[in-house]
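What the coordinates show
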Amino acid sequence: MEIEGSVALITGGASGLGAATARRLFNAGASVVLADLGTSAGAAYADELNAAGPQNLAGIASGREVAAPKAVFVPADVTSEHQVQAAVDAAVGMGPLRIVVNCAGIATPGKVLGRDGVLPLETFHRVIQINLVGTFNVVRLAAAAMAATEPAVTELGGEERGVIINTASVAAFDGQIGQPAYAASKGGVAAMTLPLARELARSLIRVVTIAPGIFETPMMAGLPQEAQESLGRQVPHPSRLGRPAEYANLAAHIVENAMLNGETIRLDGAIRMGPK
């Protein structure tokens, strides 16, 4: 499916993986809706994208007439049905909603039996609510909007209405000590990929999940530089932290490759996380 001329809704779009994906899709000619918390830098980032304009729009190079893409920010908590619906409506109002990328999430650590006692149930519940329930909330509302759009003809034949890309983590498979909530939430995202893809196939909607390894994100930025470099050296190759642009490039490829469906793709430099 072509990115150019589509509308993309990106949760967590104000920073990290979401911001990089928004920029990548915007530069390829998609209008983007950045859905993130009202306290985020989403509005400023949308302004930045609009001011710079798309950097490598394919239609310009090929001589085709191309409508300039736009970036807008919609404050939204992914656990709120009302706020996510507002973000979906904003995307639909800009054109055909064909791309959704779920990057919103938290990584609150906590051992079951920690120094301060047993892990509070609310801590576990909050991680599941944002990472898993929030992702599903976006999927269901966006899928409903996508299913109502006219199909697009793909370059290699056939039709499709859109693609939904969710974000899991290698913690879904290699969860470490202190990650029961995070691993459970991301494991759930990975587990629902295939049933979602199977169901939404009848609506010509693909569902794919990316499971990143250790990436340079705001979550990682809180660690000392020495700790970040140590983590990077644990990656077999390339021995460094992943870069948000690498996640964004994979997301763009998923959009363009119609045979990618129902799969969780590890993006991790071959790392397999140890117990701690």
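Up top is the structure these notes are about.
Residues numbered from 1 in each chain as written. Predicted model: local features only at pLDDT ≥ 70, side-chain atom pairs only at ≥ 80, totals over all residues. Heavy atoms only, no water.

**Details of the overall build of the protein chain**
Regarding its fold elements, the protein chain presents 11 helices and 11 strands. Expected size for 276 residues packed as a compact globule is a radius of gyration near 19 Å; at 18 Å, the protein chain falls within 12% of this value. Judged by the C-alpha coordinates and their principal axes, the protein chain covers about 60 × 35 × 35 Å. Look at the contacts in the protein chain between residues 6 or more apart in sequence, and 76% of them connect residues 24 or more apart. Carbon and sulfur atoms provide 56% of the accessible area of the protein chain, an area that totals close to 13100 Å². (Helix = DSSP H or I, 4+ residues; strand = E, 2+ residues; numbered from the N terminus. Rg over C-alpha atoms; globule rule 2.2 N^0.38 Å. Contact = heavy atoms within 4.5 Å. Areas by Shrake-Rupley, 256 points an atom, 1.4 Å probe, with all protein chains shown as cover.)

**Considerations on the packing of helix H1 (residues 16-27) against helix H2 (residues 42-52)**
For the pair H1 and H2, the least separation of the axes is 11 Å and the interaxial angle reads 25°. The angle between H1 and H2 places the two elements in the roughly parallel class. Along this stretch, H1 crosses H2, giving a crossing that reads as right-handed. Here Ala19, Ala20, Ala22, Arg23 and Phe26 of H1 lie close against H2, whose contacting residues are Tyr45, Glu48, Leu49 and Asn50. (Axes fitted to C-alpha atoms, helices over the stretch in contact; angles between N-to-C directions. Parallel < 35°, antiparallel > 145°, perpendicular 65-115°, else oblique. Left-handed = near helix turned anticlockwise from the far one by under 90°.)

**Considering unusual backbone geometry**
Cis geometry marks the peptide bond from His237 to Pro238, where omega comes out at -5°. Among the secondary structure elements, Pro238 is positioned in the loop between helix H10 (225-233) and helix H11 (244-256). Even without glycine at this site, Ala270 takes up a positive phi of about 75°. Inspection of the secondary structure assignment puts Ala270 in the segment after strand E11 (264-267).

**What about helix H5 (residues 121-147)?**
Given a rise of 1.5 Å per residue, 27 residues ought to cover 39 Å, and the 37 Å separating the end C-alpha atoms of H5 matches this to within 8%. Taken as a whole, H5 carries its principal kink of about 35° at Gln129. (Expected span 1.5 Å × (residues − 1). Bend = angle between axes of the 7 residues up to and from the residue.)

**Some details on the sheet that holds strand E9 (residues 162-167)**
Within the open sheet, the seven strands sit side by side as E3-E2-E1-E4-E9-E10-E11. Their pairing is parallel. Of all strands in the sheet, those with a lone pairing partner are strand E3 (71-75) and E11, marking the two edges. Shown here is a sheet whose adjacent strand axes are inclined to one another by a mean of 20°, direction ignored. Taken strand by strand, H2 contacts strand E2 (31-36) and E3, and its axis lies near 175° from that of E3. In the packing of H5 onto the sheet, contacts are made with strand E1 (7-11), strand E4 (97-102), E9 and strand E10 (205-212), and the angle to E4 comes to roughly 175°. (Pairing = 2+ DSSP bridges.)

**Some points on the pattern of salt bridges**
Per the stated rule, a full pass over the model turns up eight salt bridges. Between Asp174 and Arg266 there is a salt bridge, and its shortest N-O distance comes to 2.8 Å. Of this pair, Asp174 sits in helix H6 (residues 171-174) while Arg266 sits in strand E11, and the two are 92 residues apart along the sequence. Exposure remark for Asp174: the relative accessible area of 13% places this residue in the buried category. With a shortest N-O distance of 3.7 Å, Glu199 and Arg202 are connected by a salt bridge. (Salt bridge = Lys/Arg side-chain N within 4 Å of Asp/Glu carboxyl O. Buried < 20%, exposed > 50% of the residue type's maximum accessible area, 1.4 Å probe, protein only.)

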